[in-house]
Amino acid sequence: MLESALYECPYCGEEVETTLDLSGGDQTYIEDCQVCCRPIKFVLQVHEGEWHLEVFSENE
């Protein structure tokens, strides 16, 4: 199940849209910012159809 989400880059502060794959359950992964190309750590928590996304700079 795919879901669109907006997040604010912890480096450049731009609001960026990404697509989340909720079918994989809880996930932690690295993806580059689409604006400034710096690595962002994504922490996705999925529970009974609800989800929560947090983003962190590489060193947090």
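For the structure, see preceding data.
Overview of the structure. (Residues numbered from 1 in each chain as written. Predicted model: local features only at pLDDT ≥ 70, side-chain atom pairs only at ≥ 80, totals over all residues. Heavy atoms only, no water.)

### Description of the state of the cysteines
Under the convention used in this document: Note on terminology: disulfide denotes any pair of cysteine sulfur atoms within 2.5 Å. Each residue is placed in one exposure class: buried if its accessible area under a 1.4 Å probe, protein chains only, is under 20% of its type's maximum, exposed if it is over 50%, and partly exposed if it falls in between.
Counted according to the given criterion, the structure contains 0 disulfides. Distance from the sulfur of C37, which forms no disulfide, to the nearest cysteine sulfur (C36) is 6.8 Å. Owing to a relative accessible area of 56%, C37 belongs among the exposed residues under this scheme.

### Some thoughts on the nonpolar core
Let me state the cut-off plainly: To qualify as a nonpolar core, a set must consist of buried Ala, Val, Leu, Ile, Met, Phe, Trp, Tyr and Cys residues joined through side-chain atoms within 4.5 Å. Runs of H or I in DSSP of at least four residues are treated as helices and runs of E of at least two as strands, each being numbered from the N terminus. Throughout, a residue-residue contact means that at least one pair of heavy atoms, one from each residue, lies within 4.5 Å.
A5, Y7, C9, V16, L20, L22, C33, I40, F42, L44 and L53 form the largest nonpolar core, which has 11 residues in total. Among the secondary structure elements, those contributing two or more residues to this core are β1 (2-8), β2 (15-21) and β4 (39-47). Here the element with the most residues in this core is β4; it accounts for 3 residues. The residues contacting L53, other than those within four sequence positions of it, are A5, L20, F42, V43 and L44.

### Remarks on the side chain of S57
With respect to the helices and strands, S57 occurs in strand β5 (residues 50-57). Excluding residues that lie within four positions of it along the chain, S57 makes contacts with P10, Y11 and P39.

### What to know about the side chain of T18
Note the threshold: A 3.5 Å cut-off defines polar contacts: any pair of N or O atoms within that distance qualifies, except that in protein one atom must be a possible hydrogen donor and the other a possible acceptor, and neighbouring residues in sequence count only when both atoms are side-chain atoms.
Position of T18 among the secondary structure elements: in strand β2. Overall, the relative accessible area of 5% leaves T18 in the buried class. Among the polar contacts made by the side chain of T18, one reaches the side chain of E31 at a distance of 3.3 Å.

### Description of the packing of aromatic side chains
The cut-off we apply is this: Aromatic contacts are taken between Phe, Tyr and Trp rings whose centres are within 6.5 Å, Trp giving its six-membered ring; a plane angle under 30 degrees counts as stacked, one over 60 as edge-to-face, and the others as tilted.
The full count for this structure, using the stated rule, is 2 aromatic pairs. With a centroid separation of 5.0 Å and an interplanar angle of 85 degrees, the aromatic rings of Y7 and F42 are classed as edge-to-face. Of the two residues, Y7 is situated in strand β1 and F42 in strand β4; the sequence distance between them amounts to 35 residues. Each of the two residues, Y7 as well as F42, counts as buried. When the ring of Y29 is compared with that of F42, the centres are 5.2 Å apart and the planes differ by 0 degrees; the resulting orientation is stacked. Separated by 13 residues along the polypeptide, Y29 in strand β3 (residues 27-32) and F42 in strand β4 bring together distant segments of the chain.

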